[in-house]
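# Residue-level structure breakdown
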Amino acid sequence: MRAEIENTVVAIEKSLNLLAQRMDRETAPHRLEEFNARVEDPTMWDDPDAAQKLMRDRQLLVDAMTNYDNIAQELADNIELIEMGEMEDDAEIVTEAENALKSLREKAAQKELEALLDGEADANDTFLEINAGAGGTESCDWANMLARMYVRWAEKKGYKVELQAEQSGDEAGIKSATYKISGHNAYGWLKSESGVHRLVRISPFDSAAKRHTSFTSVKVYPVVDDNIEIEVNPGDIRLDTYRSSGAGGQHVNTTDSAVRITHFPTGIVVTSSEKSQHQNRDIAMKALKSRLYQMELDKRSALVNEAHENAGDAGWGNQIRSYVLQPYQMVKDLRTNYETSDTKGVLDGDLDGFMAATLALDMSGKSRDAALAY
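Residues numbered from 1 in each chain as written. Predicted model: local features only at pLDDT ≥ 70, side-chain atom pairs only at ≥ 80, totals over all residues. Heavy atoms only, no water.

## Some points on the environment of proline 222
Residue position: proline 222 is located in strand S5 (residues 211-222). With relative accessibility at 0%, the residue proline 222 sits in the buried group. (Helix = DSSP H or I, 4+ residues; strand = E, 2+ residues; numbered from the N terminus. Buried < 20%, exposed > 50% of the residue type's maximum accessible area, 1.4 Å probe, protein only.)

## Re the pattern of salt bridges
Throughout the structure, instances matching the rule amount to 20 salt bridges. Here aspartate 240 ties to arginine 238 by a salt bridge, and the two come within 3.1 Å at their closest N and O atoms. Assessed through its relative accessible area of 23%, aspartate 240 is described here as partly exposed. Arginine 238 sits in the partly exposed class, given a relative accessible area of 39%. A salt bridge links aspartate 333 to arginine 321; the nearest nitrogen and oxygen atoms lie 3.1 Å apart. Of this pair, aspartate 333 sits in strand S10 (residues 330-333) while arginine 321 sits in strand S9 (residues 319-324), placing them 12 residues apart in sequence. On the accessibility criterion, aspartate 333 (0% relative accessible area) is buried. (Salt bridge = Lys/Arg side-chain N within 4 Å of Asp/Glu carboxyl O.)

## What to know about the environment of threonine 358
Considering the arrangement of structural elements, one finds threonine 358 in helix H10 (residues 352-359). Taking the C-alpha atoms as reference, threonine 358 lies 9.6 Å from asparagine 337; in sequence the two are 21 residues apart. Excluding residues that lie within four positions of it along the chain, threonine 358 makes contacts with Ser192, Asp333, Arg335 and Thr336. A polar side-chain atom of threonine 358 sits 3.1 Å from the main-chain carbonyl oxygen of phenylalanine 354. (Contact = heavy atoms within 4.5 Å. Polar contact = N/O pair within 3.5 Å; in protein donor to acceptor, adjacent residues only side chain to side chain.)

Pasting the structure below:
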């Protein structure tokens, strides 16, 4: 086989290795037998919630096993076709099988990513909070650029985007904004975006056309599912009502009323400026519960995300990603070293490569290749 196709085969095999790890392939058949035995139990539906969870877990395992088996079989079949075509000097068969392997590589990579989105809340809708940091007007404009970037990313995914609250900048852009993004795996995809994002560019607000550095923080936390109970002591919160303000626009519904909830034990502050005080209060409380749930998820995973709990200032030393527009074009994630020179594409919402690279980090912090080395 040609070197290019050999590399394609290696990539597919690595995806298969990761799929096998995620479902624990050695024990999968035994677990499926256990699921099937429990499904046949006539008392299973005495507890509908437990039964539905059992059926979901069983289907996830079946899907994982099926995906693995199908990819492994397609890989073996096409390798065999290439070897047969080369032996018989049939270039048409070889070309057809090589093209099939290239398509299989994309399919395997997609299934690999889907397998990584198996966290407790990954399938949930999500809140996305953006706050301008060090840099004044520059950072407010940068925050607005990030908001546009994430809205475009979400729309490309077919997700529903709702603006929950927004505070305009004094001269340009926004000081802060909170969105609710709804769709399957919205939280799973976006959770890796939590942290400080750094922009380097020639300032459009500087008549001397000097290069400026701006910072904006992003926080992502899951919308709490109705089945998850989060208790909030009424004595631990303060509820304030005030007149809202926003720049308006395609994705903004401005109103005269807004609600702010402050949670004293954690210092969390959430806001909402929707159509009514009652709706605002409900949305803000859901956002608070989601933040508290996120903190609990972080504690459980022992990978406490500093962007959520110890964010510090949105400034030097805290960034997870750099977007450099001058003197060269480069976006680089400082956690994974994933980078691209297509800055326009990234700012237009092409973020899947960055998200995938971060998702592929295992619990020990190894890169995908290091974790799957063999």
